[in-house]
Amino acid sequence: MAKHKIITIIGARPQFIKASAISRCIKNNYSEQIREVIVNSGQHYDDLMSKVFFNELEIPEPDYDLGVGSGSHAYQTGVMLQRIEDILIEEKPGLVIVYGDTNTTMAGALAAVKLHIPVAHIEAGLRSFNKSMPEEINRVACDHMSTFLFTPTLTGLTNLVLEGFDPDAKPDYTVDNPALFHCGDIMFDNALFFLDLAEKKSNILQALDVSGKDYILCTIHRENNTDDTARLQHILQALDSISREKQFDFIIPLHPRTAKAMPQLTKSSVMDNLAKNPYLKFISPLSYFDMLVLENHCKMIMTDSGGVQKESYFFRKPCLVLRSESEWIELVETGHAVLADANPEKIRESFLHFMEHPPVNHPSLFGDGKAAEFILHELVKFLDGSLQE
C-alpha cells in the first residue's frame, strides 16, 4: 500500500493534459510511494472537452466527479469550494495538486489551504499583468496559497521573486515558507511523449482534407473575446478577409463558449460572409491527439489560449496571439509570437509578417521533457519528511 495520498484537482481541458504527465509518472516511478486520488470538478462538462481526454491520455478515471458545469465565476467557485472541502475532510490527503489558472485551481487551493493541507501549484508564477482577466486573479491568488510553486519558465520564477517569494527558502516548507522550483513544463513532457502515437492514431488531416496543404489553425475561447461582440466580430472578419485573400484553409475548432457567442453576430452580415467562405472550416472541439497533429503540420497558429501558445513553440510554428498581453512573454521576446489583439489591421499585418519571415530563433524555454519526474521527486521528499516528524 502506498505511503502517501495526494489529491489531484482538475476540471478543464488543459488540466487533463497536464495531469496525465503526473499520473503517468506516478504509475511508472512512484506507485509504491503515492496513491493519487483524482477529483474532476466538471468545469468542462462537454464530453469532447473532458471525457475524451481521460480516454485518450489514459488518465485514471476520476475518483470524484463533481459535475459543476457552467455558471458565473462566483457560482462555479463557490460550489466547487464546498464540494472539494467535503472530499478533503473525508480523504485527509497529505498534499493537494492544482494546475494553471481556472476557477477549479482557485477553489482547490482555497479549500486545501483553509484546512491546512499543503498545496502544490503546477504552472506557478505566470503573469499577464492584466487583472481584468479572471485567470490572472486565479493564478496570483493560488500562488499565495501554495506551499510548492513549480514554475515552467525562468520568467515565472522572476515574477514570484518580485512578488516577495524567497527563491532560497529551505525546509520545513509551509504556506508561509513556500518552496520555489523552476522545473520546466509538463505540457512539453506530453508533447514529446504523445506526438508519435498521435501521428499514428489520428486521421484528422485526411478528415479535413488538408493533408499536404498549407493551413492555419485558429482557436478562440477567452471570455474577453467571446463575450465582447465587437472583439469577436473583428477577429472573425479578419479571418474571413485573410483566408479569402491568401486562399488558405483556416481550421477553427469551436469551444462551446465561442459556438454559443457566434449567433449573436447574425444581426450583421458577418455570419453570412463566414458561411459563404469556403476556406473557413469551423469544427467541433478536438481530441488532444488531433490537436497535436494539426499543430505539428500547420503553417501558423492564431490563438487566445495560453496552452496553445506554448504548443506552437513546441512545434516551432509562428503564433499570432489574439490578446493584448501574454503570460508567455518569452514567446514574444524571441520573435516567435506577436500580440495582435482583436485588431483586424494588426492581425493582417502580423500574418503577412510571419508568412514572409517565420521565426528562426527557438531557444530551450520549457525544460527537458522531465518536469513531472522533477515535481514528484520533490513532493515525495517532502511527504517522506512529514511522516518522520
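Look up a bit, the structure's there.
Residues numbered from 1 in each chain as written. Predicted model: local features only at pLDDT ≥ 70, side-chain atom pairs only at ≥ 80, totals over all residues. Heavy atoms only, no water.

Draft legend 1. The overall build of the chain, seen in detail. Per the secondary structure count, the chain includes 17 helices and 13 strands. Its C-alpha radius of gyration of 21 Å places the chain within 12% of the 21 Å reference for a compact globule of 389 residues. Evaluated residue by residue, the chain yields a buried proportion of 58% over its 389 residues. Of the contacts made within the chain by residues no fewer than 6 positions apart, 73% connect residues no fewer than 24 positions apart. When the accessible surface of the chain is split by element, carbon and sulfur atoms take 50% of a total near 16,500 Å². With 36 positive and 53 negative side-chain charges, the chain shows a separation of 3 Å between the mean positions of the two kinds. (Helix = DSSP H or I, 4+ residues; strand = E, 2+ residues; numbered from the N terminus. Rg over C-alpha atoms; globule rule 2.2 N^0.38 Å. Buried < 20%, exposed > 50% of the residue type's maximum accessible area, 1.4 Å probe, protein only. Contact = heavy atoms within 4.5 Å. Areas by Shrake-Rupley, 256 points an atom, 1.4 Å probe, with all protein chains shown as cover. Lys, Arg positive; Asp, Glu negative; His and termini not counted. Charge placed at Lys NZ, Arg CZ, Asp CG, Glu CD.)

Draft legend 2. Main features of the sheet that holds strand β8 (residues 215–219). Spatially, the 6 strands line up as an open sheet ordered β10-β9-β8-β11-β12-β13, and their pairing is parallel. At either end of the open sheet lies a strand with only one pairing partner, and these are β10 (280–283) and β13 (337–339). Strand after strand, the sheet turns through a mean of 20° between neighbouring axes, direction not considered. With 4 bridges connecting them, strand β9 (residues 249–253) and β10 associate as parallel partners. Counterpart to I251 in the pairing with β10 is K281. On the sheet, helix α13 (residues 288–297) packs against β8, β9 and β11 (300–303) and is oriented at approximately 135° with respect to β8. (Pairing = 2+ DSSP bridges. Axes fitted to C-alpha atoms, helices over the stretch in contact; angles between N-to-C directions.)

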